[in-house]
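# Analysis of the macromolecular model
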Amino acid sequence: MTTSLKDLSIAVVGATGAVGAEFFRIAEERYSQLPKIKALASSRSVGKRLTVGSQELVVEEATEDSFAGVDIAFIGVTSEVSRRLAPAAVAAGAVVIDDGSAFRMRDDVPLVVPEVNGADVEWHSGILSIPNCSTTPLVMAAHPLHQVNPIVRIMASTYQSASGAGGAPMVELREQAQDVLDGKPARTEAIGQQLAFNVIPRIDRFGDDGYTFEEQKMRQETQKIMHAPQIRFSATCVRVPVYITHCAAVNIEFERPMSTDEARQLMNDLPGLTVMDDPSQDSYPMPWDVTGKDDVFVGRIRQDSSHPNGLVMWIAADNLRKGAALNSLQIAEELVARNCLKPNQTQQVKSVARG
Ligand SMILES: NC(=O)c1ccc[n+]([C@@H]2O[C@H](COP(=O)([O-])OP(=O)(O)OC[C@H]3O[C@@H](n4cnc5c(N)ncnc54)[C@H](OP(=O)(O)O)[C@@H]3O)[C@@H](O)[C@H]2O)c1
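What comes next is a walk through the structure. This is a predicted model, so every value here is computed, not measured.

Reading guide: rules and limits
Residues numbered from 1 in each chain as written. Predicted model: local features only at pLDDT ≥ 70, side-chain atom pairs only at ≥ 80, totals over all residues. Pairing = 2+ DSSP bridges. Helix = DSSP H or I, 4+ residues; strand = E, 2+ residues; numbered from the N terminus. Axes fitted to C-alpha atoms, helices over the stretch in contact; angles between N-to-C directions. Buried ≥ 20, exposed ≤ 12 C-beta atoms within 10 Å, placed from the backbone. Contact = placed C-beta atoms within 7 Å. Parallel < 35°, antiparallel > 145°, perpendicular 65-115°, else oblique. Left-handed = near helix turned anticlockwise from the far one by under 90°. Nonpolar A, V, L, I, M, F, W, Y, C, P; charged D, E, K, R; others polar.

Ordered in space as E10-E9-E11-E14-E13-E12, the six strands form an open sheet in which the pairing is mixed. Both outer strands of the open sheet, strand E10 (232-239) and strand E12 (273-275), are each paired with one neighbouring strand and no more. Recorded for the sheet is a direction-independent mean angle of 20 degrees between the axes of neighbouring strands. Where strand E9 (residues 151-160) meets strand E11 (residues 246-254), eight bridges bridge the pair, whose relative direction is antiparallel. Residue Tyr159 lies in a different strand from E11, and its bridge partner there is Cys247.

As structure tokens, then:
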């Protein structure tokens, strides 16, 4: 008999966070019957009650002992906590789908966007990762084009919302806006700087080369997911005062010229990607319209006036949905569909041999 998600037992670590809340909303929308859910968070949230479908959940503290009987552990917490809990979940027999950056670049961890590299779920050894919330929409747009005309170089400037940094920055953005309007100094605990009525050209810490860790992640993750380490990549990641949905202005250089019509057709054919591109009607994706939708949206597709083999486009996606919770659920669906919930033994042996 084929397993289905509803027959499984899942744990959601980070159940009280921005991604956790979206995860439950999507699960309710997506499945008529939900799996058995265990809601886990920090000790601060113990006893909180959540209603998901017909299940009344009481939040428990996530510890190394939380995973007995769990088939899939969705982990959406800080990297430090993931590093502590994920191995314990795997040892207890669960497969881990991790939202953070703790494991993404490990050789034995598939980094998966199912529409792009779904087959990579087949070689996991217990842990799989989702990409950064700016990488996912970018690879969704780039992948179908790369299949017919190899990409040589990508340049991206992102416009990332407050929720990309979690629930607390969303609350702080609202408070900052009120403080600024009231002529008071803005509180900057969660975001670190004033985001209200401002843009911040730094996400995460700076590296020695002047790029931020977020920009480095976008490059490395794109190359890993697309199996294309040769793609040259440069990004500037910027936080903007928007609640939800990340956007990016992207220049893509190909080996050969590509027409905008061909690009539109190729992208339209990818499930989960919607081309919204009619400048004459002022139709292009914006956060206010995209938030709450599952698809990645692409518009403003045009020839790059600075390169004969280049295209320019504007990409927008709900960072809490396709950028996080939805992609995690789709990875779980892919694991079930391919009958790959158990780790690939051959890969495990390889990992052990690598030490
Ligand atoms: N936000 C996005 O767009 C996005 C996109 C892709 C990936 N991610 C990744 O997803 C993860 C969660 O992000 P988020 O936006 O949901 O953050 P968030 O809103 O700040 O939520 C963090 C969650 O982690 C829990 N937590 C904190 N410390 C913990 C501990 N010691 N043990 C167990 N649980 C703990 C919190 O529980 P309490 O409520 O009890 O504190 C809360 O449920 C991060 O790794 C982030 O990088 C986020």
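Structure's up, so let's keep going.
A few words on the environment of Ser328. Within the secondary structure, Ser328 is located in helix H9 (residues 321-337). Among the residues examined, Ser328 registers 25 C-beta atoms within 10 Å and is labelled buried. Sequence separation of Ser328 and Ile97 is 231 residues, and the distance between their C-alpha atoms is 6.4 Å. Sequence-distant contacts of Ser328, that is, excluding residues within four places in its chain, are made with Phe23, Phe74, Ile97, Asp99 and Ile130.

Across the interface, helix H1 (residues 18-30) lies against H9 with an axial gap of 9 Å and an inter-helix angle of 55 degrees. Compared by their axis directions, H1 and H9 come out oblique. As for the relative orientation of H1 and H9, their crossing is right-handed in sense. Judged by residue contacts, Val19, Glu22, Phe23, Ile26, Ala27 and Arg30 of H1 engage Arg321, Ala324, Ala325, Leu326, Ser328 and Leu329 from H9. Grouping the amino acids of the contact of H1 with H9 by side-chain chemistry returns eight nonpolar, one polar and three charged.

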